[in-house]
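A structural walkthrough
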Amino acid sequence: MDKLTIFFTELMRKYLPEPFVFALSLTFLTMILAIVIEGCGFVDVVNSWGKGFWGLLAFTTQMAVILAMGYVLATAPFTERLLDAITGMAHTPRQAVIAATLVGGIGSYLNWGFGLVIGGIIAKKIALNLRAKGVKVHYPLIIASAYSGFTLYGLGLSASIPVLVSTPGHPMEHQMGVVPLSETIFSPAMLAVTLIVLITLPLLNAALHPKEESKIIEVDPNVDAEAKKAPSMNLETTLASKINNSRILSLVACALAAVYVVDYFASGRSLDLNLVNFVILFLGILLLGSPINYVNKLSEGIRTIPGIILQYPFYAGIMAIMDHSGLVVSISRLFTDVATAETLPFFGLVSSFFINFFAPSAGGHWVIQGPFMMDAAIALKSSLAHNAMAVMLGNAWNDLVQPFWILPALAISRLKLKDIMGYTVVMMFWIGAIYMAAVLLWGYLGH
């Protein structure tokens with residue numbers, strides 16, 4: 001196992017560029033493929049790229065908000081005490097890796113945005129705690145392990161594609177109808193897969209820990225030095241200071257938010273990313289106690305979002321090229337043209353994995369791959385639920401090596417992409433084996 005991880009770690013260290021360079025390189029590659037494979041003109045490709053460049057602007061803002069405000073929620077005193085209790089349970093490097101994987105995985109299962117943040121934070125806390133006790137834990141691995149739990153989002157409560165197609169009025173309802181969650185993430189097959197991942201992924205990650213102390217890279221004890229310089233609570237007795245530190249204002253605002261949320265669900269509306277951000281914002285205000293405390297803590301969280309703001313527009317441009325040129329259909333056809341009703345979910349999973357390099361947002365991914373996959377499923381009389389879930393799993397599988405989503409973990413940990421990617425590649429192979437076996441068995445036994 002050591003030889004395998006050393007191989008991939010060295011490979012990534014030598015050849016993997018920074019995430020922004022990766023995004024630029026992928027942009028150029030997509031343009032070349034559109035010109036060579038689809039016969040598109042250069043100017044046409046550039047125009048589709050430019051027109052789509054800001055296509056994820058709303059999503060970029062949502063992601064920036066969920067990361068910055070999720071950071072506040074995950075570092076609030078109440079959450080800190082909970083995480084400290086979990087941190088105290090890890091006494092050895094392998095226990096630390098298992099704990100970080102479980103927290104990141106369970107957090108992502110509940111909500112992908114929360115999981116991205118909470119996993120990185122607990123991993124860093126455990127690493128710092130063990131270092132203070134004189135226990136050496138490999139920092140890049142524990143961060144990679146916490147991030148690896150993100151794959152459970154594809155099986156969880158915020159899995160974009162299953163949640164979308166279960167909502168009446170979704171964009172493809174005329175083509176495929178409404179698919180209840182009982183047939184996707186809550187089906188016996190997918191619940192079993194969730195359990196298998198929750199049990200085996202932490203054990204795999206623990207086995208990846210270097211056995212030789214010389215190969216262990218510990219966390220920098222000053223990794224949080226800048227955050228600790230954040231302004232402290234203003235203790236002046238002026239009227240302005242009293243208002244800034246007023247708990248009453250926070251409580252009133254949170255009470256109004258609670259009324260809105262109750263009415264939101266009472267009126268039959270479904271959960272979306274905007275509501276998730278709304279809840280995270282006001283939970284943070286409630287847990288921080290006063291407006292000034294929240295503002296000060298948010299200033300720390302904002303330092304985690306520059307990579308998202310810079311790179312997400314480039315991925316939007318890539319998605320626009322894929323859609324406009326027809327590349328996504330060509331990639332899908334490579335697999336679906338040889339599929340049967342039973343194997344279509346498998347080929348959907350594999351094609352989804354590759355498409356996710358170019359369209360890493362599950363929502364945008366589904367918009368361009370979903371219609372073709374559903375047409376193929378209808379033509380082959382293959383289960384619509386199975387195929388929709390296969391596309392979701394392919395997306396979640398690829399996320400293990402997708403810089404688009406690793407950015408929050410890198411921002412929290414202060415590590416570079418090449419530091420952790422060697423480990424996530426190994427994790428990707430294991431998760432891929434589980435997902436491929438699952439959709440094949442599901443296709444044959446559940447068809």
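Given the structure is predicted, the values throughout are model-derived calculations rather than measurements.

Thresholds, definitions, all that
Residues numbered from 1 in each chain as written. Predicted model: local features only at pLDDT ≥ 70, side-chain atom pairs only at ≥ 80, totals over all residues. Heavy atoms only, no water. Helix = DSSP H or I, 4+ residues; strand = E, 2+ residues; numbered from the N terminus. Rg over C-alpha atoms; globule rule 2.2 N^0.38 Å. Buried < 20%, exposed > 50% of the residue type's maximum accessible area, 1.4 Å probe, protein only. Areas by Shrake-Rupley, 256 points an atom, 1.4 Å probe, with all protein chains shown as cover. Lys, Arg positive; Asp, Glu negative; His and termini not counted. Charge placed at Lys NZ, Arg CZ, Asp CG, Glu CD. Salt bridge = Lys/Arg side-chain N within 4 Å of Asp/Glu carboxyl O. Arc of directions from axis to C-beta. Core = buried A, V, L, I, M, F, W, Y, C linked by side-chain atoms within 4.5 Å. Axes fitted to C-alpha atoms, helices over the stretch in contact; angles between N-to-C directions. Parallel < 35°, antiparallel > 145°, perpendicular 65-115°, else oblique. Left-handed = near helix turned anticlockwise from the far one by under 90°. Contact = heavy atoms within 4.5 Å. Nonpolar A, V, L, I, M, F, W, Y, C, P; charged D, E, K, R; others polar. pLDDT = per-residue confidence, 0-100. Patch = residues over 30% accessible without salt bridge, like charges linked within 9 Å, V, L, I, M, F, W, Y side chains within 5 Å. Expected span 1.5 Å × (residues − 1). Bend = angle between axes of the 7 residues up to and from the residue.

1. Brief notes about the overall build of the protein
Scanning the protein from N- to C-terminus turns up 22 helices and 0 strands. For the protein, the C-alpha radius of gyration of 22 Å lies close to 22 Å, the compact-globule estimate for 447 residues. Projecting the C-alpha coordinates of the protein onto the three principal axes gives extents of approximately 70 × 55 × 50 Å. Within the protein, the fraction of its 447 residues that count as buried is 55%. Entry remark: accessible area of the protein is about 18900 Å², with carbon and sulfur atoms responsible for 69%. Side chains of the protein give 25 positive and 25 negative charges; the mean places of these two sets differ by 10 Å.

2. Points about the pattern of salt bridges
The final tally for this structure, using the stated rule, is 5 salt bridges. The residue Arg 131 makes a salt bridge to Glu 218 at a minimum N-O spacing of 3.8 Å. Of this pair, Arg 131 sits in helix α7 (residues 112-132) while Glu 218 sits in the loop between α11 (188-207) and α12 (239-244), and the two are 87 residues apart along the sequence. Between Lys 136 and Glu 213 there is a salt bridge, and its shortest N-O distance comes to 3.7 Å. With Lys 136 in the loop between α7 and α8 (139-148) and Glu 213 in the loop between α11 and α12, this pair connects stretches of sequence that are 77 residues apart. Where salt bridges share partners, they join Glu 80, Asp 84 and Lys 125 into one cluster.

3. Things to note about helix α5 (residues 77-87)
Those residues of α5 not exposed but buried are Thr 79, Leu 83 and Thr 87. Buried residues of α5 fall within an arc of 80 degrees about the axis and therefore sit on the same side.

4. Quick look at the environment of Arg 81
Structurally, Arg 81 is set in helix α5. Since its relative accessible area comes to 54%, Arg 81 is described here as exposed. Between the C-alpha atom of Arg 81 and that of Ala 189, which follows or precedes it by 108 residues, the distance is 36 Å.

5. Some points on the nonpolar core
Membership of the largest hydrophobic core comes to 136 residues, with the highest contact counts inside it found for Met 63, Ile 142, Trp 366, Trp 405 and Tyr 435. Here the element with the most residues in this core is helix α22 (residues 417-445); it accounts for 14 residues.

6. As for the packing of α5 against α7
Here α5 crosses α7 at 55 degrees, and the two axes come no closer than 10 Å. Between α5 and α7, the angle is such that the two are oblique. For the pair α5 and α7, the crossing hand works out as right-handed. Contacts between α5 and α7 involve Thr 79, Glu 80, Leu 83, Asp 84, Ile 86 and Thr 87 from the first element and Ile 118, Ile 121, Ile 122, Lys 125, Ile 126 and Asn 129 from the second. Grouping the constituent residues of the contact of α5 with α7 by class yields 6 nonpolar, 3 polar and 3 charged.

7. What to know about the environment of Gly 289
Checked against the element boundaries, Gly 289 lands in the loop between α14 (273-288) and α15 (291-301). Residue classification places Gly 289 among the buried positions, given a relative accessible area of 4%. Remark: the alpha-carbon pair of Gly 289 and Thr 87, spanning 202 residues in sequence, is separated by 24 Å.

8. Overview of the side chain of Thr 101
Here Thr 101 is to be found in helix α6 (residues 93-110). The exposure class assigned to Thr 101 is buried, which follows from its relative accessible area of 3%. Setting aside chain neighbours within four positions, we find Thr 101 in contact with Ser 145, Ala 146, Ser 148, Gly 149, Leu 201, Pro 202 and Asn 205.

9. Considering the environment of Ile 434
Within the element layout of this structure, Ile 434 appears in helix α22. A residue is classified by how much of its surface remains accessible, and Ile 434, at 10% relative accessible area, is buried. In this structure, Ile 434 is in contact with Val 193, Ile 196, Val 197 and Thr 200, ignoring residues within four places of it in sequence.

10. Digging into the confidence of the model for the protein
Looking at the protein as a whole, its pLDDT mean stands at 85, while 92% of the residues score no less than 70. Confidence, expressed as mean pLDDT per element, reaches its minimum in the protein at helix α1 (residues 2-15) with 69 and its maximum at α11 with 96.

11. Some details on a nonpolar patch on the surface
Taken together, the side chains of Ile 32, Ile 35, Val 36, Ile 37, Phe 42 and Val 43 define a hydrophobic patch exposed on the protein surface, amounting to about 600 Å² of accessible area. Those elements giving two or more residues to the nonpolar patch turn out to be α2 (19-36) and α3 (42-52). It is α2 that provides the largest number of residues to the nonpolar patch, a total of 3 residues. Residue placement: Ile 35 occurs in helix α2. For Ile 35, a relative accessible area of 31% translates into the label partly exposed.

12. Re α22
With 29 residues, α22 extends 40 Å from end C-alpha to end C-alpha; this agrees with the ideal 42 Å at 1.5 Å per step. Taken as a whole, α22 carries its principal kink of about 25 degrees at Tyr 423.

13. Focus on the packing of α8 against helix α21 (residues 403-413)
Orientation of α8 relative to α21, taken along the N-to-C sense of each, is 140 degrees, at an axis distance of 10 Å. Classified by the interaxial angle, the pair formed by α8 and α21 is oblique. Every pair of crossing elements has a handedness; the one defined by α8 and α21 is right-handed. When α8 is examined against α21, the residues Tyr 139, Ile 143 and Tyr 147 are found in contact with a partner set consisting of Trp 405, Ile 406, Ala 409 and Ser 413. Across the contact of α8 with α21, the residue classes break down as 6 nonpolar, 1 polar and no charged.

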